[in-house]
Amino acid sequence: MTVRTRVAPSPTGDPHVGTAYVALINLCFARKHGGQFILRVEDTDRTRSTQQSEGAILESLRWLGMSWDEGPDIGGPHGPYRQSERGESYQEHVAQLLAQGNAFKCFCTAERLEEMRVAQRAAHQPPHYDGHCLTLTAQEVTEKEIAGIPSVVRLKVPSEGACVFDDVLRGRIEIEWKTVDMQVLLKSDGFPTYHLANVVDDHMMEITHVIRGEEWISSAPKHLLLYRYFGWNPPQLCHLPLLRNPDKSKLSKRKNPTSILYYREQGYPAEALLHFLGSLIDARNDDQALIGHGHSTRERTRLLLEYFSAHCELERISVGGPVFDIPKLRWLSGQWIRRQAPSEFLQSLDEWGYAWPRAISPQQREHVARIAMERIEVLSDFGPLVEFLAEAPDVSRHDMALEKLSEAQVHAGLQGAIEALVPLDGASWNQAAIGEALKKSAASMGFTLKDVVRAFYIAVTGKPTSLPLFDGMEILGKEESLRRFEIALERLH
Ligand code: GLU
């Protein structure tokens, strides 16, 4: 048997990190077993599905380094891979179910269904179809059809017993049939619902393992019933734990950004996000050992995927619910950024769309990159960190207040710094010479550079921490650095 897995996103919004997580497991599991991984677009919800969303989902997964063996963009032997293009197949299968008596037409109006729901709510019953049209005779059905009354097709569900199935992660699961709704399979617009399309396609596409989020467990009985009615062997089911917020609630936009686009826009390298998703699947990966292989993003993501595939074992996934821990993701991001050579980092910035301020000349950029990449976690930290190189900060007297030194001492410190810097000639204006001069001048006043450096930082960069100060001053140049010390001094008057 060739293992065939799939990810089946619905293109109804921004590409979700949960989709990437599910895609990654499916991809790695297929690779581990020498199988195939399929991407199928489940766009049966015609009002909510958009091409733009589909494009963004595919593009995001590609950005993360993932690829698929069959999909809407590359085709394959089981296409089309977009459900909106597979309508005929669903119609045929529904006709088969109707002919076998495993499904029935339902003519209930929206008003009737609403009344039914209200009554069920009042009686504290879970919402479910009450079987009103289940007993219509063939003649009644024909009459209603001739009268042009719109209908849907619903699944017939056993009234007794339970659906028992094995989940790869969770073992035996038992769900009583009486809790399973008579699911709509075909809507009145002729489009299938998720349940029908999903089962028909998984079978037609020869999917052997359905690995998906745990929110689909309660749908499994409907799906297994369909397999039984069609006389097909069901695939193995594996319901993954949902990603969680740190408070263990379901990952939601309200508490954490969930769109892959967000992380890309913030400047998380693709390899960092991929690495992070891989660590959610298997927390036993050695993060340090994983960081730093490969000379380009493409090579790095490929090596990570290779590693995750080789180590992919569904049984090792903890059902506890992996926490989407942003501090860890930021940490990984910083680690991956620091593994780049400065020239590569410059290229990442460029690809990410960073626009250099004109004041930082192309010759200075590598120096700026080299020192800045040590101090950022995501690419969007870069701009704020280096902006002082382009624009003098607006400092206040208050900003320069220090814990250990009086205002008079700060004043003397700045004055002393200026006096120590002025004699440096242009050629020796480099970070080592600047550092030396500032240290000496502080010592001559009876305090250490450490005591006063915060005020220097404020004067030059506007912030208490920033790029290494001496490097910053080297890049700014002598004239501009001195000007900033002088402005700071004036503000103290
Ligand atoms: N279209 C479903 C989703 O968006 C797929 C669920 C499944 O994998 O069966 O999650």
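None of these values were measured; they are calculated from a predicted model.

Engineer: Explain the sheet that holds strand 4 (residues 152-155) to me, please; I cannot follow it from the model alone.
Structural biologist: One key point about sheets: their strands pair by backbone hydrogen bonds, in either a parallel or an antiparallel sense. Spatially, three strands are ordered 3-4-7 in an open sheet, and the strand pairing comes out antiparallel. Edge strands, defined here as strands with exactly one partner in the open sheet, are strand 3 (103-106) and strand 7 (184-186). Across this sheet, the average inter-strand angle for adjacent strands is 45 degrees, counted without regard to direction. Pairing of strand 4 with strand 7 involves two bridges; the strand directions are antiparallel. Looking at strand 7, one finds that Arg154 is bridged to Val184. Against the sheet, helix 3 (residues 87-100) touches strand 3, strand 4 and strand 7, its axis set at about 100 degrees to strand 3.

Engineer: How should unusual backbone geometry be read in this particular structure?
Structural biologist: Going from Gly79 to Pro80, the amide bond is cis rather than trans, its omega being -5 degrees. Inspection of the secondary structure assignment puts Pro80 in the loop between helix 2 (51-63) and helix 3. The phi torsion at His124 lies on the positive side, around 55 degrees, for a residue other than glycine. Mapped onto the fold, His124 is located in the loop between helix 4 (110-122) and helix 5 (138-146).

Engineer: Whenever I open this one, the pairing of strand 4 confuses me. Can you help?
Structural biologist: Looking along a regular strand, one sees the side chains alternate between the two faces of the sheet. By the alternation rule, side chains of strand 4 split into Val152 and Arg154 and Val153 and Leu155, which are all buried. Two elements, strand 3 and strand 4, share four bridges in a ladder whose sense is antiparallel. When the sheet's bridge partners are listed, Ala103 is paired in strand 4 with Leu155.

Engineer: Can you help me understand the environment of Phe37 in this one?
Structural biologist: Along the chain, Phe37 falls in strand 2 (residues 36-39). Once the C-alpha coordinates of Phe37 and Ala123 are considered, the two residues, 86 residues apart in sequence, prove to be 46 Å apart. Among all residues touching Phe37, those that are not within four sequence positions of it are Thr5, Arg6, Val7, Ala23, Asn26, Leu27, Ala30, Ser67, Trp68, Asp69 and Glu70.

Engineer: Is there a simple way to explain helix 17 (residues 431-444) in this structure?
Structural biologist: In an α-helix, one turn spans 3.6 residues, which is why side chains three or four residues apart end up on the same side. The end-to-end C-alpha distance of helix 17, which contains 14 residues, comes to 20 Å, matching closely the 20 Å that a straight helix rising 1.5 Å per residue would cover. Residues Ala433, Ile434, Gly435, Ala437, Leu438, Ser441 and Ala442 constitute the buried set of helix 17. Among the structural elements, helix 16 (407-421), helix 18 (449-461) and helix 19 (469-476) are those in contact with the buried residues of helix 17. Positive backbone phi, at 90 degrees, marks Gly446, one or two positions downstream of helix 17.

Engineer: Is there a simple way to think about the site of the ligand in this case?
Structural biologist: Around the ligand, the surrounding shell consists of Arg6, Ala8, Ser10, Glu42, Tyr194, Asn198, Arg212 and Trp216. One of the backbone N or O atoms of Ala8 is found 2.8 Å from a nitrogen atom in the ligand. A distance of 3.0 Å separates an oxygen atom of the ligand from a polar side-chain atom of Arg212. Against a free-state accessible area of 300 Å², the protein chains account for coverage of 83% of the ligand. Considering only residue class, the shell around the ligand consists of three nonpolar, two polar and three charged.

Engineer: Please explain the environment of Trp216 as it appears in this structure.
Structural biologist: Summarising the element assignment, Trp216 is placed in the loop between strand 8 (209-213) and helix 7 (220-230). What makes Trp216 partly exposed here is its relative accessible area of 28%. C-alpha separation for the pair Trp216 and His239, spaced 23 residues apart in sequence, amounts to 7.3 Å. Apart from residues lying up to four places away in sequence, Trp216 is in contact with Tyr194 and His239.

Calculation rules
- Per chain, residue numbering runs from 1 following the sequence as it is written.
- Per-residue local features are limited, in this predicted model, to residues with pLDDT of at least 70; the limit for side-chain atom pairs, both in listing and counting, is 80 or more; totals at the level of whole chains, interfaces and linings are taken over all residues.
- Each side-chain value is worked out from all heavy atoms of the structure, with water and hydrogens disregarded.
- One requirement defines pairing of two strands: DSSP has to find at least two bridges between them.
- The way it works is that DSSP assigns letters per residue, a run of H or I at least four long becomes a helix, a run of E at least two long becomes a strand, and they are numbered from the N terminus.
- Fitted lines through C-alpha atoms serve as axes, helices being fitted only where they are in contact, and the angles separating the N-to-C directions of these axes extend from 0 to 180 degrees.
- Two residues qualify as a contact provided that any one of their heavy atoms is within 4.5 Å of a heavy atom in the partner residue.
- Relative accessibility under 20% of the residue-type maximum defines a buried residue, over 50% an exposed one, and the middle range a partly exposed one, all with a 1.4 Å probe and only protein chains included.
- Any helix carries an expected span of 1.5 Å times its number of residues minus one.
- The near set for a molecule or strand comprises every residue that places at least one heavy atom within 4 Å of it.
- As used in this structure description, the phrase polar contact means that two N or O atoms lie within 3.5 Å; if the pair is within protein, one of them must be able to donate a hydrogen and the other to accept it, and residues adjacent in sequence are counted only when both atoms belong to side chains.
- Computed by Shrake-Rupley with a 1.4 Å probe, the accessible areas treat only the displayed protein chains as cover when residues are assessed.
- We call Asp, Glu, Lys and Arg charged. Ala, Val, Leu, Ile, Met, Phe, Trp, Tyr, Cys and Pro are nonpolar, and the rest, Gly among them, are polar.

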